Structures are given as C-alpha cells and as structure tokens.
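Results of the structural survey
Spelled out, the chains give:
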Amino acid sequence: MRTALTWRDRAEQCIYDLAFKPDGTQLVIAAGNRLLVYDTSDGTLIQPLKGHKDTVYCVAYAKDGKRFASGSADKSVIIWTSKLEGILKYTHNDSIQCVSYNPLTHQLASCSSSDFGLWSPEQKSVSKNKTSSKITCCSWTNDGQYLALGMFNGIVSIRNKNGDEKVKIERTGGASAPIWSICWNPSSQWKSFWSRADGEVESGHSCVEEIPVLTSRPGGRQGSEAEREDPQEEVASEDFNLDERNDILAVADWGQKLSFYQLSGKQIGKDRMLNFDPCCVSYFTKGEYLLLGGSDKQVSLFTKDGVRLGTIGEQSSWVWTCKVKPDSNYVAVGCQDGTISFYQLIFSTVHGLYKDRYAYRDSMTDVIVQHLITEQKVRIKGRELVKKIAIYKNRLAIQMPEKILIYELYSDDSSDMYYRVKEKIVKKFECNLLVVCSNHIILCQEKRLQCLSFSGVKEREWLMESLIRYIKVIGGPPGREGLLVGLKNGQILKIFVDNAFAIVLLKQSTAVRCLDMSASRNKLAVVDENDTCLVYDIHTKELLFQEPNANSVAWNTQCEDMLCFSGGGYLNIKASNFPVHQQKLQGFVVGYNGSKIFCLHVFSMSAVEVPQSAPMYQYLERKMFKEAYQIACLGVTDADWRELAMEALEGLEFETAKKAFTRVRDLRYLELISSIEERKKHGNNNYELFLADVYAYQGKFHEAAKLYKKSGHENLALEMYSDLRMFDCAKDFLGSEDPKDTKMLIKKQADWAKNINEPKAAVEMYLSAGEHMKAIEISGDHGWVEMLIEIARKLDKAEREPLSKCAFYFKKLENPGYAAETYLKVGDLKALVQLHVDTQRWEEAFAVSEKHPEFKDDVYVPYAQWLAENDRFEEAQKAFHKAGRQREAVRVLEQLTHNAVLESRFDDAAYYYWMLSMQCLDIAREHEQQKTEMLQKFHHFQHLAEVYHVYHFIQRYTEEPFSFHLAETLFNMSRFLLHSLTKEIPLGISKVNTLFALAKQSKALGAYKLARHAYDKLQGLQIPARFQKSIELGSLRIRSKPFHDSEELVPLCYRCSTNNPLLNNLGNVCVNCRQPFVFSASSYEVLHLVEFYLEDGITDDEAVALIDLEAPRLNKGKNKWQEMMSDQAQSLRLEDNTDIEDDDPFTAKLSFEQGGSEFVPVIVNRAVLQSMSRRDVLIKRWPKPLRWQYYRSLLPDASITMCPSCFQMFHTEDYELLVLQHNCCPFCRRKIDESNQ
C-alpha cells in the first residue's frame, strides 16, 4: 500500500470537520466561521459559504445529497441545499458540537454541550433532549434506528429515533478519557473478526479458517512465482454473503484507546492502545478499513478490527478530521493549521501461485488460499499487515513487517487445504520479491538474491549484473530446486539453491518481463519489454518464433508444443509452428494446464476453460493424428472428438480412431474398427476394402460402392444398397448383369416393402421373384382371400407346400370351400378330412369316409366327441361304436357321471350309470378277452344306477321344503337304500340324509322301533347344522312312542310267505329263504314276483317256446288272463276272477330245505315250463353274453309292467302315470315312441 497526494490547500483557520457530497464530487469544509466547498477532482474552491457568526465545529451531508447541515459555536444549525443555498436555521442553548443525518429518514441530529435535537423536514419544531454531559460526537446506525452519542464524561449513550436512551456504555477512565470520536461500521453484513482474543499468531497455533461460503471464482495457474507490488487500484473486497447482522461501533477517546462495541453495548475484544489523542475516526464506504487522526499529526489506516496497517499522510499539526470519499480510495484530511490534503490510496496486489493453488492477501492482514480446481478456500488470519506471499508445493510463506511465517500442509493429500505453522523467522526483511522452496526462502532485493534456511540463516547469495525483473521456481528435488531468473539487461539465468554459480541460459537485447519453460525444459518462452513473445530452443539458443502483443506467457504443462500468451485484450494459443488462435480475454495469463488457462485480472484469479479445437484441427490438416489426439486430450468438445475420430479413420489410423471413438462412446464405429483389426490379424490387408467399409459407415455410399468394386467385392456393394433400401442404386450398379442377382435384389426389395408396411407391393415383388411362400404368408396374415385364390389356382399341383399353406389360410380365414378345393388339388385326403372335422361339416366328412374307410376313425371319433360335448350321448355312443372306440365312450360317460354326482344331479348320475352299464355289456359282447371285466362293471354300474336313482328322491326330500311322494314310498325308498349300502357308500350319497328320511317316515307310519334305531344311528354320525336341532328333537320325541313297528309295514316274502323285519341285516333278500326281493322302480314295494332258473340243457328260445305252448290244465274254474304286448310294456291283465288252481307244478318248486344258510334257487324243467302260462311270466331279455332272467307272478291279479329297455319292474298304474308325466321311462329315459331294440 502507498499513498499519493492529489491536491492540497490551506485555509486561514483550523479545519474542525469536513463532509463529502454522497456522489463524491464536492467536499464541504468547516474552516473558521465559514464553509468552504471544493471540487474533489482538482481541489478548486467552488464557493465559500457565510452564515454563521462564530467558528463552525461540524458539517454533515444527507444521504440523498439534497441538503447538508452545519453547526457552529454561535449555537445555531443551518440547513443548506445542494445548490449551496441556506434554507433553514434553528438554535440550541449552547454551541453545536456535532451534527449527523439519519441515512434512511434524513432526520438530522444536532448535539450541543447540554442537549441534542432531532429535526426532520416534515416537522416544524425541533424536539430536544437534555444530557448530563457535553456531547462531543454522534453517529447513526446503518438502518437509522439508533443514534450513538459520545460524551465528554467518557459515556456512550445509544438512543432511538425518538431520543429515548436504550443502551448506556460506561467506559473505564470516565471523565479523564472523554469520548472524542465515534462511528458505526457502514457494513451490516460482514464476517465477524472478533472470534478470538487479541494477540499475535504464535508458531504452531495459527488461526486457519475454512471459508465454505465464499463466492467461487474460477481461476488458477501453473508454476510458482513471487509477484511485485504493481500500482494497481484494488477492487471491492469480498462479499461473504453471511446472514448474520453486526452493528459495530468504533469508539476513540482521549485515554488514547480505540474500542469496539455491539449495539447491545457489549464490548468486542480488548481496547487498542493508540499512543496519541484521537480527534477523528471514520470508516471506508464498505467498512473494510478504518481511518484515525489526532495528536500524532498523521492519518493512520487500520483494519476494521483495529490492526494498524500504515500511515496515509504526515501533517505539521494535529489532524482534527479525515473522511473517505464515497466508494473510492481517496481520503480528505483537515488539520489544526488549516491545511486541507487530498490523498489517493493505492493498494498493491500481494499473492503467490503454484500449479492449482493460489494464495492472496485479503483485508490486508489475512491470507486466503484457493484451490483453483476444487474451488475450496481457506483463510489464514493474521494480526499484522501482509507484505509478501509465496507458495510452492506444500509450503506457504507470508512476510509481515517484523517476521516471516512459513506454513506447511497437514498432509500430502493433493486436496488438503489445512495449513499449520512450520517455522517462524522473527526478523525484518526488505525485499522486492519473495520465493519459497521446500527448505529455503529466496529474497530478491534489486540485483541481489539471498537464500535463507527456514531458521533464518543465510546460506547463499547471488549478485546479478542487472536488476532482477522476474523469478520463478521451476521445480527440482527438495533442497536443490531450480530458479528461473530474468534480468533487466535481457539475461536469463538458471540458479540452483544449492549451487553458488548461476547458469546463463541465453541473453537477448531487450529487458525480460515474463518467463516460462516448457514441461520437458527444452524450450524457453520470454516476453520482453516491447511486448514481444520470443520462443527459444534452450540447447541450441535458436529463436524458434516470435509473436507480438504479449504481456505474459505460459507453456501447457501437459503438452510440450503448446503455449499461450495474453496481450491487447486477447488470449493467444499457439501449437507447434501453426498460426496463432485468438479469443478475447482480459488480464494476464499465468498458467496453462490442459484445457484450463489461469488468468489474473487486477485482483481476481480465474480459470478459463479453453477448448483446444483450433490447434487440433491444425494438426488434422497435416494428417498428424497422434499429435491431434494429444491436443484433444487437453479438452475439446464431443463434436471435435468425433471429427478427430472420423479423420483418423479415413486416414486408416485405427489406433487413434479407436481411442477417439471410445471417448464419444460410439459403439458402432468401435465395432467396425474391431472387425478391421480382426481381419488384419488374419492377413487381410486390403486397405481399399477397409476404406470402403469406413465410407459405408460414414454414409458415403457411392464412394464405398466404387471401392468395393475396385477391390473385387461387388457383392458387398449390393448388400449395402439392399440393406439401405437403395434398390434403384443397386439396379444401376448391377446394370444388365446376372439375372440371378436381379432376382435376389427383387427379393430383398420385397423384404423391405414388407418391413415398411407396404404388404401389397411386397406380395407382388415376392411373386415376381418366385417366393410364393412369403407372398402367401403376407396375403394370409392380412386376410386377402382373393389374392390367395389367385395364387392357389396359378400354382401347379406339384407345389404341395405353397398349396398347403394356401389351404391353411383359407381354413383360418373361414373359407373351408376354397380350402377343400385346394386339398383336392393336392390330393391330400387326410388334410381334407381334418378340415371337414375342424369345421364340423360332418356330412362331407362322412361322404369321404364312405369312399375311403381308412379315414373312419378320423371322422367318427371327433364326431362322437362333438356329440358328447353337446349332450347327445346316445348319438355319441353310436359314433364311438362306428369308430370302434368303446373305451373312449365309456371314459366320456364316466366323466359325465362323476360330474353329475359332484353337482348333486343324482337322477342324471343314475341315467349315466345305466348307460355305462349297457356300454360295458356291448364291450363284453364284442371283446371276449374283456368279457369278465366288463360284466363285473356292468353289474356294478347297474347297482349304482339303482342306488343313485333312489337317492335322487331322498336328497330332494331332505333339501327341498315340499315332497310329492307318499310317506310310504319314501319309507320304502329309505329302507331299500339303507339295505343297498351295506358294503360301501358311493360318492355323493349321504347316510345322514337316508337315515333322517327313514326316521321321519318311520315315525309318521308307526314304525317307532325302526325310527328309534335310525335316530340312534344318526347320533353316531356327523350331522349338518341344519339337521341338528330337528334330529335332537326327534330323538327325544321318539322315546315317548312304543318300542315296536306297525305290522302293516312288515314286508312279505312271496316264495316262503315269511314276514321279514323292516331292518334286514342281509339286505334286500328274505331272511328265511334268501330269495332276492324284486322291487317296483317307482314305489319300491316288494313285487309278487319270484325269479326262477332253467334246468341245464334248456335254452332261452326253447323255454320261451315251452311257455308259449300253454298246455291245458284241469281247473275248477277257468282263469281268463289276457296278455298285453306293446313296444313300451309287457302286461298281464285278469279278465275273469276265479280261484287259482291248487295243483300248480311251479308252486311245488318253491319249497326249499329249512334251516339252510345258502340261497336255493327255483329251477324248473321242461314240464314246469310247459305248465306255465305266458301271462304269468316276465322275461328280462338281456343281450349276450348275459342270460335271460325269468320271473313268475304269484298274484296274477295285480298287473306288473316291465320296461323293455332297462327291464325295471313297475306297478302298471304307476308306470303309465310316470310315462304320461315324463314321456319316457323314469329310469332309462327311453321315449315312448322308440322301438324296443
């Protein structure tokens, strides 16, 4: 920092106060009883103002610049306009000591020896407040809310806008240390500098603070150099953008102390001793510095926290007032002897750089180290003026007035930003430049260089021939670093810190201004005093080239042949011997690392990202691909990388192209390069073919085709055109050559038409190319039946595959007629039959099977399945029979039966089981080897049919609220079912339902014993919740009934005339003679029929013939029976009521041996058969292999009807009623109009 006197004047009287107009153009000075108005630019007196009658003590300008006020010993205050006209005057009771305008409201505070007043333009009167002591000074806060008053008794009183006291600061010293000047810091947003106690920074305990909120500044440079103090004006200091508000009051008293207070009255830090009586204190516009003047006859510059930085101007008498021109570095000083001085403060830029670290001075006492890549910053706080800064690797040297501090990084991490004090040299040094190395510091003073150890011991000294203009550390081992030194006489030297002898690199005729050495140390760039950049070969001393308009130069640390230099507002980049590439840039280039150029502009360091496109293209023009790649690696755009890759690829520089395409992640071209390299490994070095592939990838198809043809690979050109759908180009390329290739081209064109959704065109092209299958597929997929017909009729019958494909699509598109026509054309009868079956055109299928019996199974089996699926089971069975698939018929019916049981359709289940039994009988008749198995199934299914038939009515009775059956019928059904379930219970049949129905009907009919037995059985079963209550109640009620059954219900055996119990353990047979009972299939009463068997040797036909003879008998009376035969029934009807003959031979056959446990059947011979009447005999005419069953009615009066299909027996009246209701047999569902087959 240095000062320059701009102008000076002298008044005849003491200068007590002065004030700047806010725009800085005018300076108002209180001199004697007058106000002097100066032009600040040149010190011209504009006008003296007279209005006061006595000495003017104070003057203040309003913030808006419209008016200013002056206070005088004549007890008056005058308000002046900016046009220097007095407009208002008011008085106090004592002399006016100070005046101050509110910065926001423009309220004027005027203070006298005994009171202070507050005046504003809006009010007519002045509100005054008494004080206990003389007011010597006053100052408003930045927001205008509070007014601080400095008293002669050493007290500071802080008042609000109304004059009420809010804070009172009583200082030590009291009246012996009157407050003579106070001032609020004009910055309300600034970093607090009061976080630690006073004292110097001791070794090992430096205050290093990270700065996380600094506005990031791009910038940096490579290299390390000590910078001279350039007389350049400092720009505005950092705005730290902190939200914390600080109102700091600076207080100077005649106890020779400077103190700082918060708005609350709390003191910040300790008192600063001044060693003189301060008369004035004022801040710079932004509060970064503080001015103090007084009895020491000079103005001193302090930091905002009270650290003295230096002297601005020495005077010959006391300094009573000093102020800073708004928003500038100009200072006005008023003295006791009437001298008015106007100074300019020039702040030097103090900083150091090394690679990506930049250290610079901040607030004159602090050092900020900035990492130019990561943008991290760290502040190193000091308590003294920073004079020089040097940085190198992990070392940082800071020179202060009386010492040099040497710092080192905490770790070797390249991103580490934390420094600690390594050494402290307590000694005053005078030097122009400061350089730090690993173990030494280098001091430069004019022609002399001194090398000192970190302990301060001078180890070496060099004396140059001329003034040293530039010095830079160029690296080296620790303790042996090299220095590059440029002298004013043009000499350039290299010095090693461990060598006393300097090495002269070269000498030029002009003075050196800037130096830099290339990364390999083979080239040297020099900027001379004529602003010329000269580049030399260090070894040969040859001047390689020179460029004008340069003020600084830097080599690229990553590329040997690239440098940049700045000058004339431009940045110049030069690669090798190519022309210079320019772009606009303000400042000095200080470093060049990769694509970043570090530029210093006034005080700020910035990193400019510079694409290296221009030099890269310069190398590309000369086909220097490897060098261009090196330049691109420093930083170019993706478009530049792609251009490099393409140029290298066309130049067949595959390695460079591969690297460049990898950068832009172009897998397509990488695959191409990989395939070319693979072919080269296998000995294929046809570079024309490689280049043709490259052109094809780049879209230069015609050039590629020419190269393909030239290299003898016409087929590749054809494939390329075909893949690109450039068929016209392909045809032109082919000309009138091989028609085979033309056909292949048409085929590819058809493929393309298909892919772009032009199917009609594709079909036509496929047909013209002979690709019938693809044409058929497209036509079929789009449903073009007419096109398919046309194709099918044009095709020869020998082309079976295309015709079959046509038939397939006809069938798919529901045009079976055309499909049949096509199959007939081909002669594929099997496919024709399958077509008829799939489309259910059974008549056509039957017609084909008639002519070709080998397809019988192919027709009737699916026909039968179709019938079964449509519930036409009898027809399905016939179809299965015709196809010879009895087992499949059985399997279908078994599944349907099972489903009916699961769905509780027990009447359907009974019907299906009956049909199954008859089917098994047919199988047994036709297949001798399965006879035994099928007959077993026949009897089993017959049994199940009867059981499910009965259970259907039981289930309906228990599930439905009403029943149409008589109680006696339900009773008989329940007994029959219970006796039939002695071994196992079929699926779906509930024993609970059966016993429940039996119990209820037994109780209703008087069979109480049987009812009690049924209820007891129910107690041992799992009963559904819906029956629980009813069964429990019935069990209780039956206990009140007699323990016997009604005799009317007891069944009678018609063979042995034995009364059987209602609950028969043997089942449905007589307990005495073991004769099976024959039941009515409707009421399930025991019928008066006895089964008899034929004697051995009597056939069924003979037996029927003998019975039909009806030999005459001697009767007491003539019985008149009439036999009725019809398709639906066989009946015996009594015409005349006479007594039954007593001498019937059959009756004698009914006898059996009493006491036997085995059943003895009734066997009749021819004589007995001949004696029988046809009217008394019912015959079950079972088909073979079963034998017929013969039954004799013992009560010819009661008419019995037997169904000729299922052979179930009914009372004739019941059967006729059921037939009328259902129009079929209730058991086998045979329609009444069907013939007995």
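Details of the structure are given in the entry above.
Let me sum up the structure you'll find in this document. What you see is a predicted model, and the numbers here were worked out from it, not measured in a lab.

The next thing to look at is the sheet that holds strand E62 (residues 1177-1180). Judged by pairing direction, the sheet is mixed, and its 4 strands sit side by side in the order E61-E58-E63-E62 without closing on themselves. Bordering the open sheet on either side are strand E61 (1162-1164) and E62, each of which pairs with just one other strand. Taking the axes of each pair of neighbouring strands and ignoring which way they run, one obtains an average angle of 40° across the sheet. Alignment of strand E58 (residues 1089-1094) against E61, held across 3 bridges, turns out to be parallel. Bridge pairing in E61 links Leu1094 to Val1164.

Moving on to the sheet that holds strand E56 (residues 596-601). A sheet is described by the order of its strands in space; here 3 strands give the open sequence E55-E56-E57, paired in antiparallel fashion. With partners counted over all chains shown, the strands left at the sheet margins are strand E55 (588-593) and strand E57 (604-609), one partner each. The sheet shows a mean angle of 25° between the axes of neighbouring strands, taken without regard to direction. With 5 bridges joining them, E55 and E56 adopt antiparallel strand pairing. What sits directly across from Tyr592, in E56, is Ile597.

Further remarks concern the packing of aromatic side chains. Taken as a whole and judged by the stated rule, the model has 32 aromatic pairs. On the basis of an interplanar angle of 50° and a centroid distance of 6.4 Å, the ring pair of Trp180 and Trp320 is categorised as tilted. Here the residue Trp180 occupies a position in strand E18 (residues 179-184), and Trp320 occupies one in strand E28 (residues 319-324), the gap between them amounting to 140 residues. With relative accessibility at 15%, the residue Trp320 sits in the buried group. With a centroid separation of 5.5 Å and 75° between ring planes, the pair formed by Phe284 and Tyr289 is classed as edge-to-face. Tyr289 matches Phe284 in its accessibility class, with the two residues each being buried. Grouped by ring-pair contacts, the aromatic residues Tyr16, Tyr57, Phe152, Trp180, Trp254, Trp318 and Trp320 constitute a single cluster. In this structure, Arg420 packs its charged tip against the face of Tyr410, placed 5.0 Å from the ring centre. Positioned over the ring face of Phe545 is Lys574, at 4.6 Å from the centre of the ring.

Applying the stated criterion across every chain, the model contains 33 salt bridges. Residue Arg448 pairs with Glu461 through a salt bridge whose shortest N-O separation is 2.9 Å. Placement of Arg448 in strand E41 (residues 448-453) and of Glu461 in strand E42 (residues 458-463) is noted, with a sequence separation of 13 residues between them. A salt bridge links Asp1016 to Arg1039, with the shortest nitrogen-to-oxygen separation between them at 3.2 Å. Of the two residues, Asp1016 sits in helix H25 (residues 1008-1019) while Arg1039 sits in the loop between helix H26 (1025-1038) and E58, which places them 23 residues apart along the sequence. Each member of the salt-bridge network shares a partner with another, and the members are Glu903, Arg905, Asp907, Asp908 and Arg1229.

On to helix H30 (residues 1212-1222). All of the buried residues along H30 are Thr1212, Tyr1215, Leu1218 and Val1219. Along the long axis of H30, the arc covered by the buried residues comes to 130°, so they all point the same way. Away from the buried face of H30 by more than 90 degrees, exposed residues Glu1213, Leu1220 and Gln1221 are located. On the buried face of H30, the contacting elements are strand E64 (1200-1202) and strand E65 (1209-1211).

Here the focus is unusual backbone geometry. Residues Lys1184 and Pro1185 are joined by a peptide bond in cis, for which omega reads 10°. On the secondary structure map, Pro1185 appears in the loop between E62 and strand E63 (1189-1193). Even without glycine at this site, Ser363 takes up a positive phi of about 55°. Position of Ser363 relative to the elements: it lies in the loop between strand E32 (357-362) and strand E33 (366-371). Overall, Ser363 belongs to the buried group, its relative accessible area being 13%.

The rules behind the values
Residues numbered from 1 in each chain as written. Predicted model: local features only at pLDDT ≥ 70, side-chain atom pairs only at ≥ 80, totals over all residues. Heavy atoms only, no water. Pairing = 2+ DSSP bridges. Helix = DSSP H or I, 4+ residues; strand = E, 2+ residues; numbered from the N terminus. Axes fitted to C-alpha atoms, helices over the stretch in contact; angles between N-to-C directions. Phe/Tyr/Trp six-rings, centres within 6.5 Å; stacked < 30°, edge-to-face > 60°. Buried < 20%, exposed > 50% of the residue type's maximum accessible area, 1.4 Å probe, protein only. Lys NZ or Arg CZ within 6 Å of the ring centre and 35° of its normal. Salt bridge = Lys/Arg side-chain N within 4 Å of Asp/Glu carboxyl O. Arc of directions from axis to C-beta. Contact = heavy atoms within 4.5 Å.

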